[in-house]
Amino acid sequence: MYDSAHCLLQLQWLALSPMHLAKDCLLDALRLVQRQGVQRVLLNLDGMPELSALDAYLLETNLLLALPALSVQQVALVLTSYMQHQLLLESSLRQPPFDIQVFDDAETALDWLQQSAMLPAPLSSGR
């Protein structure tokens with residue numbers, strides 16, 4: 001679901017979805033983020049099965065490393081099982097150029113993104 005008022009795209013993992021579809025679904029979402037100029041992403045992975053090391057690597061190389069080239073400013077991840085997705089969170093060796101936070105529930109994540117969207121943009125220095 002896309003909220004144009006907040007430049008916010010909400011993505012939800014569908015329960016009982018086959019894990020092998022994750023990479024293609026997330027790559028489709030990445031293309032949508034690029035096409036729409038999305039600035040904020042809520043990625044709700046609640047109910048996603050445990051990631052294998054290969055799955056985490058593929059997600060990192062295909063999704064997380066591509067995000068810095070986009071207009072994304074904030075990413076809110078909803079992970080209900082800390083240990084289940086720890087590999088995904090630890091896999092990136094460099095700090096992304098956007099703010100990323102992990103939440104236990106989608107409501108809190110959405111509130112964080114919407115509140116941040118209401119703040120004035122920082123002034124850039126002309127240096």
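Residues numbered from 1 in each chain as written. Predicted model: local features only at pLDDT ≥ 70, side-chain atom pairs only at ≥ 80, totals over all residues. Heavy atoms only, no water.

A. Main features of the nonpolar core. One finds Val33, Val41, Met48, Val72 and Val75 to be the most contacted residues of the largest nonpolar core, which totals 19 residues. For this core, the secondary-structure elements that each account for two or more residues are α1 (22-36), β3 (40-44) and β4 (74-78). (Core = buried A, V, L, I, M, F, W, Y, C linked by side-chain atoms within 4.5 Å. Buried < 20%, exposed > 50% of the residue type's maximum accessible area, 1.4 Å probe, protein only. Helix = DSSP H or I, 4+ residues; strand = E, 2+ residues; numbered from the N terminus.)

B. Examining the pairing of β3 more closely. Burial analysis of β3 places five of its five residues in the buried class, which makes it a mostly covered element. Alternating positions in β3 separate into two faces, Arg40, Leu42 and Asn44 on one and Val41 and Leu43 on the other, with burial throughout. Where β3 lies against β4, five bridges are found, and the strand directions are parallel. In the sheet register, arginine 40 faces β4, and the bridge partner there is glutamine 74. (Pairing = 2+ DSSP bridges.)

C. Broad picture of the pattern of salt bridges. As enumerated under the stated definition, the model contains one salt bridge in all. A salt bridge links aspartate 28 to arginine 31, with the nearest nitrogen and oxygen atoms 2.5 Å apart. With aspartate 28 and arginine 31 both in helix α1, this residue pair falls three residues apart, about one helical turn. (Salt bridge = Lys/Arg side-chain N within 4 Å of Asp/Glu carboxyl O.)

D. Here's a closer look at the environment of valine 102. Note that valine 102 resides in strand β5 (residues 99-103). For the pair valine 102 and leucine 77, spaced 25 residues apart in sequence, the C-alpha separation works out to 4.7 Å.

E. Region of interest: unusual backbone geometry. Phi at cysteine 7 is positive, roughly 50°, even though this residue is not glycine. Locating cysteine 7 in the fold gives a position in the loop between β1 (2-3) and β2 (8-12). For cysteine 7, a relative accessible area of 22% gives the class partly exposed.

F. Focus on the confidence of the model for the protein chain. Per-residue confidence for the protein chain averages 75 on the pLDDT scale, and 66% of its residues sit at or above 70. By mean pLDDT, the top-scoring element of the protein chain is β3 (90), and the lowest-scoring one is helix α3 (residues 86-90) (57). Note that residues 122-127 has pLDDT below 50 and, in this model, zero contacts with residues that lie over four places away or in other chains. (pLDDT = per-residue confidence, 0-100. Contact = heavy atoms within 4.5 Å.)

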